Every structure is written in C-alpha cells, then in structure tokens.
Amino acid sequence: MVSPNQVTDIQAKLNENGIEYELWIDNVQDLIDNQFRLKDERERIRRDASVSGPRDFDYSVYHRYSEIDQWIKDTVARFPNLTEEFIIGRSYEKRILRGIKIGAPSSETKEAMWINSGIHSREWISPATNIWMTNQFLEDYGENDNVTRILDRFDMYILPTLNPDGYDFTWNENRLWRKTRSKNVDSDCFGTDPNRNWNTGFGGPGTSTNPCSIIYHGPFPHSESEVKAVTDFITEKSKTQKFVYFMDIHSYSQFYLNPYGYKHEHPKDYDDHMGLGQAFAAATQAVNGTEYVVGTPPDILYIASGIGLDWGYEGAGIKYSGSLELRDQGHYGFLLPEDQILPTAKETYAGMIAAYEYLMANP
C-alpha cells in the first residue's frame, strides 16, 4: 500500500527497473469510508437502540465484538434445546473468549467439530459469515433434512471472534490491523500473528522473527493467550469427545485450504481432504457462481508455518482440518462492503453443508 504523495515516485522506480505491476485498489481510504451500508454513525446507533431482541439482529451489517458477544448469549436463550454457551479463557486485554456449542441433545457422546473465525482482526467478513451460518443451522434444524442429520450427529463448537482485541482495534484505531495486541519485549511494535503462533511447524518458512512484521510468529508456540485457549480447550475436550473437523475461517482469495501449510508435502489423507474441499467448492459455486480453488497453501497460495489448520491435523489429530479464505479475490480485499455479507454467508453455508455430508460419507 502506497500513500498518495508517493505514487508517482514508486511507479517511476518500478518502470525504471522493468518491474511489472498491477493496481488493485485505487483508494483504500474510500473503501474504508464506504464499507458501511449505514454510513452515518448516528443512524447505526439509532438502529442498534431500536433492536428489541435477538430475532431482530441485523446479519446484513458488520458488528462490534461486544455485539457479537451479546448475540451469543441471546442465541443461547433463544435456542435452549440446541445450544450451550462456553468460555475458553480471556484475550491478552482480558476480553472474554466466548463461544456457542450447537447440536441436538443425545444420550450418547457425539463427535465434535471446531469452527473459529476472526483470528485475523481485519477480516470482518469472517465472523459475520460464521454467526449467520450458526443462526441458520439452528433455524433449519427440523426443517432441513441435511441440517437435522448434521446436528443430530455432531456437536459444533463455534468461536466467532478468536482475536477480539485486534478486532476492536480495527474498529477504533486501525481498520487494517491483523495481529493480536500483546506487548512484545524490547520492541515498540505490538502483537503477534496468531495464525503463525501454533506449535506445528512453528518458526518455519512464511513467518518472521521481527515483532514489527505482520507475520511475526511470537516468542514461542502458543504465546498468545487466544491461541493457547483454543488448543487447551480442544485438547481437554478430546479426552471425552472425538473431534472430526477443524475449521479456521479467513478472508480473502476464495480458497479452501488443506494440510500441510508448513511444508511441501501432502499428508496421507490428502485425497479425502481434496474430496471434501471440492464438495464445498461445488456447492458454493452453485449458489452465486462464486468459484473457490482447493489445495494446500504451498500448492495454491504460499508456504505458511505455525498455522491453525496444521495444528488441527497434526497437533490435535483431527483428520479433516482446513481453512477458508472467503470473498473476494482482491477488488475489495479485507474491506468487503456490507452488501456482500449475506451473499457470502449463504453460499458458504451451502458449501459447509456439502462438506459435512462428505465427511459423514468418508469418515
């Protein structure tokens, strides 16, 4: 990203050195200013004040962490037979890491799934999509045979905002902030990339030792309280409940990513991983025509070490462990407008149902 007063100089240097380039976003600030459908903050406040209950929650706009946290509590109250609230810990700045478990009651121990979003704070479409899908699963239970079968068989543990400190920071200070907000020793730069902080492949290619880098891996594996809270929760739960799916939702690029991210190898379950990802991609495309590419990070994106999907697969032993990169492919990037929230959520929901059906047929 280049400031306006540097554009001419940068273009001249690129041209002088024969470097090809492409302009993706002409004015980032314009996208930030125009991201909200309801641009007048006073109008947003009036809208929020007029909400009379969880049924009136507006899924077509972006919400602050506090609103998402309240949504969890309201949703549990609304669907008491299908949901439970759970807390896995607190963030570095002591915000509650609250999640929602959804699934039909059962007298037997069910298999489990883990779905988190918002690990990179600037990726607002990630939690927005996750909460819409969660609500839709609950609404569709008993009405949609596929959804009913899924919730009868699995417990889904859903954490909408894994990095709440960073997420709040994007609302209040820096819209494009990516990392956590932890303090780094002997550095004026804040934060660690929480998706380079997992202990599978920690410190390998695609990370940085520089605390000022956006891919700084942190001082040691699971140094970030948010990442440690997730790994501790899944590790403890796995003693009594088998996890069969791990999903980390991101944006952007329209990818379904499978292990491995930290090395140029394919795991023994590669064919099943690709089959599930392709089932997701086909179902997603059938809704709005949105195309996803399926593969491992080194094959279709870049090598990345210490990431959640690799910990899910190797660290936690979860066969189906993946990551989504939602819309778009760079036109808006992290600044996806609010009018794309529901189309993104609806197509992703169709893809996830197809993925779960594949998993059930290929355990």
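Residues numbered from 1 in each chain as written. Predicted model: local features only at pLDDT ≥ 70, side-chain atom pairs only at ≥ 80, totals over all residues. Heavy atoms only, no water.

Visitor: Any details on the packing of helix α6 (residues 145–153) against helix α12 (residues 341–361)? Residues and values, ideally.
Guide: Contact pair α6 / α12: the axes reach a minimum separation of 10 Å and the direction vectors enclose 55°. Here α6 is positioned oblique relative to α12, judged by the angle of their axes. Crossing angle aside, the handedness with which α6 passes α12 is left-handed. Between α6 and α12, the contacting residues are Asn-146, Val-147, Arg-149, Ile-150 and Arg-153 on the first element and Tyr-349, Ile-353, Tyr-356, Glu-357 and Met-360 on the second. Per-class residue counts for the contact of α6 with α12 are 6 nonpolar, 1 polar and 3 charged. (Axes fitted to C-alpha atoms, helices over the stretch in contact; angles between N-to-C directions. Helix = DSSP H or I, 4+ residues; strand = E, 2+ residues; numbered from the N terminus. Parallel < 35°, antiparallel > 145°, perpendicular 65-115°, else oblique. Left-handed = near helix turned anticlockwise from the far one by under 90°. Contact = heavy atoms within 4.5 Å. Nonpolar A, V, L, I, M, F, W, Y, C, P; charged D, E, K, R; others polar.)

Visitor: I'd like a rundown of the packing of aromatic side chains, residues and numbers included.
Guide: Considering all chains together, one arrives at 26 aromatic pairs under this definition. Their ring planes at 90° and their centres at 6.0 Å tell us that Trp-198 and Phe-246 sit as a pair that is edge-to-face. Separated by 48 residues along the polypeptide, Trp-198 in the loop between α7 (164–172) and α8 (225–237) and Phe-246 in strand β5 (residues 243–251) bring together distant segments of the chain. Taking the relative accessible area as the measure of exposure, Trp-198 reaches 0% and is therefore buried. These aromatic residues form a ring-pair network of at least three members: Phe-86, Trp-114, Tyr-157, Phe-233 and Phe-243. (Phe/Tyr/Trp six-rings, centres within 6.5 Å; stacked < 30°, edge-to-face > 60°. Buried < 20%, exposed > 50% of the residue type's maximum accessible area, 1.4 Å probe, protein only.)

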